[in-house]
Amino acid sequence: MAENVDPQALGYHGAAARAFLHRFEQTARHTPGVTSAGWVGTPPLYSMESDTGFNLPGVAPPPGHTHYQVQTTLVTPGYFAAMGTPILRGRAFDRADLAHAAGVVIVNAAFARRFWPGQNPLGKQITLYNGAKPSPAEVVGEVPTGKYRSLREAPRPFLFQLHDLGHAAFLALHTAGSPLAVYAAVERRLEAVDPNFSSSDLETGAQYLTLPLFTARLAAILLTVFGVLALLLA
């Protein structure tokens, strides 16, 4: 299941927004049938894309640039478990990391192969350029390379940054068995967190993938139709 939540639209800002999102997550996590939950700023195959700049110690940036550029998203502890993403090496983020959120990152396998070929990426250092001030970060985990913008994209480096989100984000939920069996319970509990919140954006994984998969499914249908027509003409 996935849910897009904007705390600012509900009147929460700053520390109040973070507290609201934490309460929202805990409510969903403790709903019977939900096994894990975590926030993500930009979910896979979403229409928006976010990039960040970074450099490697002792490695010059690309010619004509001040730093490398990589696609990224912000996630909270629990996100990888909620998405069913295995950890290839190292570990996932945990709550203790939030004390120094800018200091740890997780990379995908394409990132590791591109910048540290034949090496273990764990413990490698990078410098992030998320704002005006560069910040050092250490790689604590590696995950498989996925599809981030489209199903047809070539494997690309991707960076996951830890953040205690206080702005609009998606809550990913993993359920035991069919998500439809716990859909109604999750819906009721989340709406009880704030009377102004509506669960109209709550979707199962299959529902969320309807739009990203539309082009591929349409192409398959057209190929089938053309194949049948070819047989009839033959």
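Quick summary incoming for the structure in this document. Along each chain, residue indices are assigned from 1 in the same order as the chain's sequence is written. Whole-chain, interface and lining totals are the exception, using all residues; otherwise, since this is a predicted model, local features are given only for residues with pLDDT of at least 70 and side-chain atom pairs are given and counted only at 80 or more. Values shown for side chains rest on all heavy atoms present in the structure; no hydrogens or waters enter the calculation.

## A short note on the overall build of the chain
Counting secondary structure elements, the chain contains six helices and 10 strands. Taken over 234 residues, the chain has a buried fraction of 38%. A separation of at least 24 residues holds for 73% of the contacts in the chain among residues at least 6 apart in sequence. With residues, only the protein chains shown are counted as cover, and all accessible areas are computed by Shrake-Rupley using a 1.4 Å probe. Per element, the accessible surface of the chain, about 12100 Å² overall, is 60% carbon and sulfur. Where helices and strands are cited, they refer to DSSP runs of H or I of at least four residues and of E of at least two residues respectively, numbered from the N terminus. We call a residue buried when its accessible area falls under 20% of the maximum for its residue type, exposed when it is over 50%, and partly exposed in between, using a 1.4 Å probe and counting protein chains only. Residue contacts are counted whenever heavy atoms from the two residues lie within 4.5 Å of one another.

## So, the pairing of strand 6 (residues 104-108)
Along strand 6, five of the five residues are buried, which leaves the element largely enclosed by surrounding structure. Across five bridges, the pairing between strand 6 and strand 8 (residues 135-143) is parallel. Bridge pairing in strand 8 places valine 105 opposite valine 139. Pairing between strands requires that DSSP locate at least two bridges from one strand to the other. Both strand 6 and strand 9 (residues 158-162) contribute to a ladder of three bridges, which runs antiparallel. Within strand 9, the residue paired with isoleucine 106 across the bridge is phenylalanine 160.

## Some points on helix 1 (residues 15-29)
For helix 1, which comprises 15 residues, the first-to-last C-alpha distance of 21 Å matches the rise-based estimate of 21 Å (1.5 Å per residue) to within 8%. What helix 1 keeps buried is the set Ala17, Phe20, Leu21, Phe24, Glu25 and Ala28. Take helix 1 and look down its axis: the buried residues cluster within an arc of 130°, on one side only. Helices are assigned an expected span. That span is 1.5 Å times one less than the residue count. Arc, as used here, means the arc of the directions from the helix axis to the C-beta atoms.

## Remarks on the environment of glutamate 138
For glutamate 138, the location among the structural elements is in strand 8. In the structure, glutamate 138 is positioned 13 residues away from glutamine 125 in sequence and 4.7 Å away in space, judged by C-alpha atoms. Leave out the neighbours within four places in its chain, and glutamate 138 touches Gly103, Val104, Val105, Gly123, Lys124 and Gln125.

## Here's the deal with the nonpolar core
Here, the term nonpolar core denotes a set of buried Ala, Val, Leu, Ile, Met, Phe, Trp, Tyr and Cys residues that are joined through side-chain atoms within 4.5 Å. Ranked by size, the top nonpolar core spans 19 residues in total, and within it Val5, Phe20, Phe24, Trp39, Leu171 and Leu173 carry the most contacts. The set of elements that each furnish at least two residues to this core consists of helix 1, strand 2 (34-40), strand 10 (169-175) and helix 4 (180-193). Looking at which element gives the most residues to this core, the answer is helix 1, with five residues. Counting residues in hydrophobic clusters, the runner-up holds 15 residues, among them Val40, Val75, Ile106 and Tyr148.

## Structural notes on the packing of aromatic side chains
For Phe, Tyr and Trp, where Trp contributes only its six-membered ring, two rings pair if their centres lie within 6.5 Å, and the inter-plane angle classes them as stacked under 30 degrees, edge-to-face over 60, or tilted in between. Scanning all chains against the criterion turns up 16 aromatic pairs. Between the aromatic rings of tyrosine 148 and phenylalanine 158, the centroid separation amounts to 4.0 Å while the plane-to-plane angle is 10°, which identifies the pairing as stacked. Note that tyrosine 148 is positioned in the loop between strand 8 and strand 9 and phenylalanine 158 in strand 9, a separation of 10 residues in sequence. Since its relative accessible area comes to 8%, tyrosine 148 is described here as buried. Relative accessible area serves as the criterion here: at 4%, phenylalanine 158 is assigned to the buried category. An aromatic cluster is defined as three or more aromatic residues linked by ring pairs; in this entry it consists of Tyr79, Phe80, Phe93, Tyr148, Phe158 and Phe160. Criterion for a charge above a ring: Lys NZ or Arg CZ within 6 Å of the ring centre, and within 35 degrees of the ring normal. Above the ring of phenylalanine 115, the side-chain terminus of arginine 114 is found at 4.6 Å from the ring centroid.

## Re the pairing of strand 7 (residues 125-129)
The side chains of a regular strand alternate, residue by residue, between the two faces of the sheet. Of the two faces of strand 7, only one is covered, namely that formed by Ile126 and Leu128; the face formed by Gln125, Thr127 and Tyr129 stays uncovered. Of the pairings in the sheet, the one linking strand 3 (residues 51-55) to strand 7 comprises three bridges and is antiparallel in character. Following the sheet pairing, phenylalanine 54 is matched in strand 7 by leucine 128. In this structure, strand 7 lies alongside strand 8, joined through four bridges in antiparallel fashion.

## A word on the environment of glutamate 187
Along the polypeptide, glutamate 187 turns up in helix 4. Sequence separation of glutamate 187 and serine 199 is 12 residues, and the distance between their C-alpha atoms is 5.9 Å.

## Regarding the pattern of salt bridges
In the sections that follow, a salt bridge refers to a side-chain nitrogen of Lys or Arg positioned within 4 Å of a carboxyl oxygen of Asp or Glu. As enumerated under the stated definition, the model contains five salt bridges in all. Linking arginine 91 and aspartate 97 is a salt bridge whose minimum nitrogen-to-oxygen distance equals 2.7 Å. For arginine 91, a relative accessible area of 32% gives the class partly exposed. Note that arginine 156 is salt-bridged to glutamate 153, the shortest N-O span being 3.4 Å. Linked by salt bridges that have partners in common, Arg91, Asp94 and Asp97 make up one network.

Everything listed here is a matter of coordinates, which is why it stays silent on function.
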